[in-house]
Amino acid sequence: MSEGKVRVRFAPSPTGPLHIGGVRTALYNYLFARQHGGELVFRIEDTDSQRFVPGAEEYILESFKWLGIRFDEGVSFGGKHGPYRQSERRDIYKEYVGKLLDTGKAYIAFDTPEELEAKRKEIENFQYDSHTRGRMRNSLTLPKEEVEGLIEDGQQYVVRFKIDAGQEIHVNDMIRGDVRVKSDILDDKVLYKSADELPTYHLANIVDDHLMEITHVIRGEEWLPSAPLHVLLYRAFGWEDTMPQFAHLPLLLKPEGKGKLSKRDGDRLGFPVFPLEWHDPKTEEVSSGYRESGYFPEAVVNFLALLGWNPGTEQELFSLDELVEPSTLPSVPRAVPSSTIRKVYGSITSTYSARTMMR
Ligand code: GLU
């Protein structure tokens, strides 16, 4: 790890336009990096080819350019930890999956979707884990020669992470504190699929954060349930000493507080949920963006910073540079009850739909 230097990353999947909540996550990463004299990496997580949407990567890059959020390294910026697009790192993941297989931390599973479906019907709340793996078709239950034969015959398989029951996993989150989870509730997650020779998000994410020397993982709260699995993966690779610190940010919720703020909520209440206008290449649907609706990028940054945080003074307007001042924004926001976010959200619509901040 480079000498104490803070390194954070924003790692979107190019599955569509960037949600304003994602922009907020990137903003917090940016501010954290700047406050600590650190570096911000832009990585594209495109290992799920089914969900790839053409134009999404360009859209995301253009959004940050418009907002003035600059990256130090990554796709389109270069740097010494590249390539930064996961689809260009296949060989790296293959090597690391091999390491987990060699050390018995992972295993090969041949169960077809139909077989898994049948198990789900047979066993209530079925999950592939320490209780059930002994009854499935995998390299733990089949003789070695049969496993080799099946692979040679071109049988599709996945690599699963072998999670031992009976452990208590601690995730030390900068916002949530000590989050504890029992390993018994976790399933043996798929880490790699032979069908497309690509890893899943979990494996690629951990390998890249390690190799890219990321010190702090600041991301949306929807990833908190995956964090215990990530801790176990760091442990399995023997990387616990350099495991990044986690900070899971509260999400931008629907005004009613249930679930993530959606495009439909924005349409209903009269504000965009995307930074730029987006033309969906498949449906040809057009979604409104803050830029095309006439907002200044500074206003968007300002209201995103104020979601879930306030300076405790009367000051309402902050430039990006002012936000970087350590005395202004805390490094990461403290736990924000969703009611606060709702309250703040309610006030944004009134403040910012008022034309004061518009061109
Ligand atoms: N690719 C993930 C996303 O789009 C990144 C999650 C993470 O930051 O670990 O949300």
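In what follows, the accompanying structure is described. This is a predicted model, so every value here is computed, not measured. (Residues numbered from 1 in each chain as written. Predicted model: local features only at pLDDT ≥ 70, side-chain atom pairs only at ≥ 80, totals over all residues. Heavy atoms only, no water.)

1. Remarks on helix H6 (residues 201–211)
The condition is simple: Only protein chains enter the calculation, and the probe is 1.4 Å; a residue is then buried if its accessible area is under 20% of its type maximum, exposed if over 50%, and partly exposed in between. To qualify as a helix, a DSSP run of H or I must reach at least 4 residues; to qualify as a strand, a run of E must reach at least 2; elements of each kind are numbered from the N terminus. Contact definition: two residues touch when any of their heavy atoms are within 4.5 Å.
A large share of H6 lies buried, amounting to 9 of its 11 residues. Of the surrounding secondary structure, the elements contacted by the buried residues of H6 are strand S1 (7–10), helix H3 (90–102), strand S8 (190–193), strand S9 (198–199), strand S10 (216–220) and helix H7 (227–237). Glu213 sits one or two residues past H6 and shows a positive phi near 55 degrees.

2. Notes on helix H1 (residues 20–35)
Since one α-helical turn is 3.6 residues long, residues separated by three or four positions face the same way. What counts here: Helix span is expected to be 1.5 Å times the residue number reduced by one.
Taking 1.5 Å per residue, 16 residues should reach 22 Å; H1 reaches 22 Å between its end C-alpha atoms and fits that length. Among the 16 residues that make up H1, 15 are buried, leaving the element largely enclosed by the rest of the structure. Positioned one or two residues after H1, Gly37 has a phi angle of 60 degrees, which is positive.

3. A closer look at the packing of H3 against H6
This is how it is decided: Helix axes are fitted to C-alpha atoms over the stretch in contact, other axes to C-alpha atoms as well, and angles between N-to-C directions run from 0 to 180 degrees. Convention used here: angles under 35 degrees read as roughly parallel, angles over 145 as roughly antiparallel, angles from 65 to 115 as roughly perpendicular, and any remaining angle as oblique. Note on residue categories: nonpolar means Ala, Val, Leu, Ile, Met, Phe, Trp, Tyr, Cys or Pro, charged means Asp, Glu, Lys or Arg, and polar means any other residue, Gly included.
Relative orientation of the contacting elements H3 and H6 amounts to 105 degrees, with a least axis distance of 10 Å. One finds that H3 runs roughly perpendicular with respect to H6. Along the contact surface, H3 presents Ile92, Tyr93, Tyr96, Val97 and Leu100, while H6 presents Leu203, Ala204, Val207, Asp208 and Leu211. Of the residues assigned to the contact of H3 with H6, the class counts are 9 nonpolar, no polar and 1 charged.

4. Things to note about the layout of surface pockets
Our working rule: In this analysis a 1.4 Å probe is tested at points of a 1 Å grid over the protein atoms alone, and where it fits but cannot get out there is a cavity; an open set with protein on both sides within 12 Å along at least five of seven lines is a pocket; lining residues have an atom within 4 Å of a point. Grid points are joined across faces, edges and corners, and a volume is the space filled by probe spheres set on the points.
Volume-wise, the largest pocket comes out at about 1000 Å³. Contributing to the lining of the largest pocket are 38 residues, with Pro12, Ser13, Thr15, Glu222 and Trp223 lying nearest its centre. Counting residues per element, the ones that place at least two in the lining of the largest pocket are S1, H1, H6 and S10. A per-element tally of the lining of the largest pocket places H1 first, with 4 residues. Taken together, the residues of the lining of the largest pocket break down into 16 nonpolar, 12 polar and 10 charged.

5. A short note on the site of the ligand
As a reminder, the rule being used: It suffices for a single heavy atom of a residue to lie within 4 Å of a molecule or strand for the residue to be listed as near it. Under the rule applied, a polar contact is a pair of N or O atoms within 3.5 Å (in protein, one hydrogen donor and one hydrogen acceptor; residues adjacent in sequence only if both atoms are side-chain atoms). The method behind every accessible area is Shrake-Rupley, applied with a 1.4 Å probe, and residues are considered shielded solely by the protein chains displayed. Grid points define the cavity or pocket, and a molecule sits in it when more than half of its atoms lie within 2 Å of them.
Near the ligand you find Arg9, Ala11, Pro12, Ser13, Glu45, Tyr201, Asn205, Arg219 and Trp223, and these make up its full shell. Separating an oxygen atom of the ligand from a side-chain N or O atom of Arg9 is a distance of 2.7 Å. Asn205 is positioned such that a nitrogen or oxygen atom in its side chain is 3.0 Å from an oxygen atom of the ligand. Protein chains bury 83% of the 300 Å² of accessible surface belonging to the ligand in isolation. Put simply, the ligand lies in the largest pocket. Taken together, the residues of the shell around the ligand sort by class into 4 nonpolar, 2 polar and 3 charged.

6. Observations regarding empty space enclosed by the protein
Evaluated as defined, the whole model comprises 2 cavities of 30 Å³ or more. Approximately 30 Å³ is the volume found for the second largest cavity. Here the lining of the second largest cavity gets 3 residues from one element, more than from any other, and that element is helix H8 (residues 263–269).

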